[in-house]
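Each chain, letter by letter, is given below.
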Amino acid sequence: MNDSNVKPTNKSAQKWLQRLLESPHALVILFFMSALEATLIPIPLELVLIPFMILERERIWSIASVALAGCLFGAVCGYYIGYTLFDTAGQWFINYLNLQDYYQDFKTTLESDGFIAIFLVGVTPVPFQTAMLAAGATAFSLPLFLLASGLSRGIRYYGLAALALWLGPYAQEWWQKNASRLGWSIAIISAIALLIFQFS
């Protein structure tokens, strides 16, 4: 397989991918990349994750698991920033990432439909930082927060692994074209399923 067929076009993502491929501690680096992507780094992890999965297919499920673990670690950090330091560090996060409108809208939704709201943020293009900070600031149940986050991000990362196995080097191009529509489709289906379960 020609590596150039699966390399991301984003230069920062290319550097991260090269670092992963050359390092004997690639999964450790991926863990912290995923944690940082969930909190600070503006580059979507998928830009690195999909080509890394394609080039390292023999450990593709381990890669997905490490990405999920890193995301949850970052989510817990973000939750505690919202819980203990919202007026200082939490506000800085929101302003730094330009999430003021997202945060206010999500906080309102969180108060009425907490678990579903957090789950849907995990599978849609809405920035995940909003869920972490709002859940912490409102003292939403940490176990439920982790369950909702783990389910939604698990669907995302293991789904990417399945996509990489299925489409191979074409997975990156397919994801760039369909990620938003796929995320919203999963969100709508999940919301309907959760509502049916809740009221049945």
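It should be emphasised that the depicted structure is a prediction, and the values quoted were computed from it without experimental measurement.

Caption draft 1: Looking closely at helix α2 (residues 26-39). Compared with an ideal rise of 1.5 Å per residue, which puts 14 residues at 20 Å, α2 spans 20 Å between its outermost C-alpha atoms and is within 8% of the ideal. For α2, the complete set of buried residues consists of Ala 26, Ile 29, Leu 30, Met 33, Ser 34, Ala 35, Glu 37, Ala 38 and Thr 39. Contacts from the buried residues of α2 go to α1 (11-22), α3 (46-55), α4 (60-84), α5 (86-96), α8 (129-137) and α9 (142-167).

Caption draft 2: Main features of the environment of Gly 154. Structurally, Gly 154 can be placed in helix α9. On the accessibility criterion, Gly 154 (9% relative accessible area) is buried. In this structure the C-alpha to C-alpha distance between Gly 154 and Leu 68, which are 86 residues apart in sequence, comes to 6.2 Å. Sequence-distant contacts of Gly 154, defined by excluding residues within four places in its chain, comprise Leu 68, Ser 149 and Gly 159.

Caption draft 3: Seen up close, helix α7 (residues 114-123). The buried fraction of α7 amounts to 8 of the 10 residues, a majority that puts the element mostly inside the structure. The complete set of buried residues in α7 reads Gly 114, Ile 116, Ala 117, Ile 118, Phe 119, Val 121, Gly 122 and Val 123.

Caption draft 4: Layout of the nonpolar core. Among the nonpolar cores identified, the biggest contains 53 residues, and Leu 49, Met 53 and Tyr 157 are the most heavily contacted of them. The greatest single-element share of this core, amounting to 10 residues, is contributed by α4. With residues near it in sequence (within four places) discarded, Leu 49 still touches Leu 30, Ile 63, Ala 67, Tyr 157 and Leu 160.

Caption draft 5: Main features of the packing of helix α6 (residues 100-112) against α8. Closest axis-to-axis distance for the α6/α8 pair is 9 Å, and the angle between their directions is 55°. Taken together, the axes of α6 and α8 are oblique relative to one another. For the pair α6 and α8, the crossing hand works out as right-handed. Between α6 and α8, the residues in contact are Tyr 102, Tyr 103, Phe 106, Lys 107 and Leu 110 and Thr 130, Ala 131, Leu 133, Ala 134, Ala 135 and Ala 137, respectively. Looking at the contact of α6 with α8, its residues break down into 9 nonpolar, 1 polar and 1 charged.

Caption draft 6: Quick peek at the packing of aromatic side chains. Scanning the model with the defined rule gives 7 aromatic pairs in all. Their ring planes at 40° and their centres at 5.6 Å tell us that Phe 31 and Phe 73 sit as a pair that is tilted. Taken together, the positions of Phe 31 in helix α2 and Phe 73 in helix α4 put the pair 42 residues apart, joining distant regions of the chain. Of the residues examined, Phe 31 reaches a relative accessible area of 22% and is grouped as partly exposed. A residue is classified by how much of its surface remains accessible, and Phe 73, at 42% relative accessible area, is partly exposed. Here the aromatic rings of Tyr 79 and Tyr 83 are separated by 6.3 Å at their centres, their planes lie at 10°, and the arrangement is stacked. Taken together, the positions of Tyr 79 and Tyr 83, both in helix α4 and 4 residues apart, correspond to about one turn of that helix. Looking at Tyr 79, the relative accessible area reads 5%, which means it is buried. Over the ring of Phe 128 we find Arg 153; its NZ or CZ atom is 4.5 Å from the centre of that ring.

Rules and cut-offs
- Residues numbered from 1 in each chain as written.
- Predicted model: local features only at pLDDT ≥ 70, side-chain atom pairs only at ≥ 80, totals over all residues.
- Heavy atoms only, no water.
- Helix = DSSP H or I, 4+ residues; strand = E, 2+ residues; numbered from the N terminus.
- Expected span 1.5 Å × (residues − 1).
- Buried < 20%, exposed > 50% of the residue type's maximum accessible area, 1.4 Å probe, protein only.
- Contact = heavy atoms within 4.5 Å.
- Core = buried A, V, L, I, M, F, W, Y, C linked by side-chain atoms within 4.5 Å.
- Axes fitted to C-alpha atoms, helices over the stretch in contact; angles between N-to-C directions.
- Parallel < 35°, antiparallel > 145°, perpendicular 65-115°, else oblique.
- Left-handed = near helix turned anticlockwise from the far one by under 90°.
- Nonpolar A, V, L, I, M, F, W, Y, C, P; charged D, E, K, R; others polar.
- Phe/Tyr/Trp six-rings, centres within 6.5 Å; stacked < 30°, edge-to-face > 60°.
- Lys NZ or Arg CZ within 6 Å of the ring centre and 35° of its normal.

The values reported here are purely geometric and, on their own, carry no functional implication.
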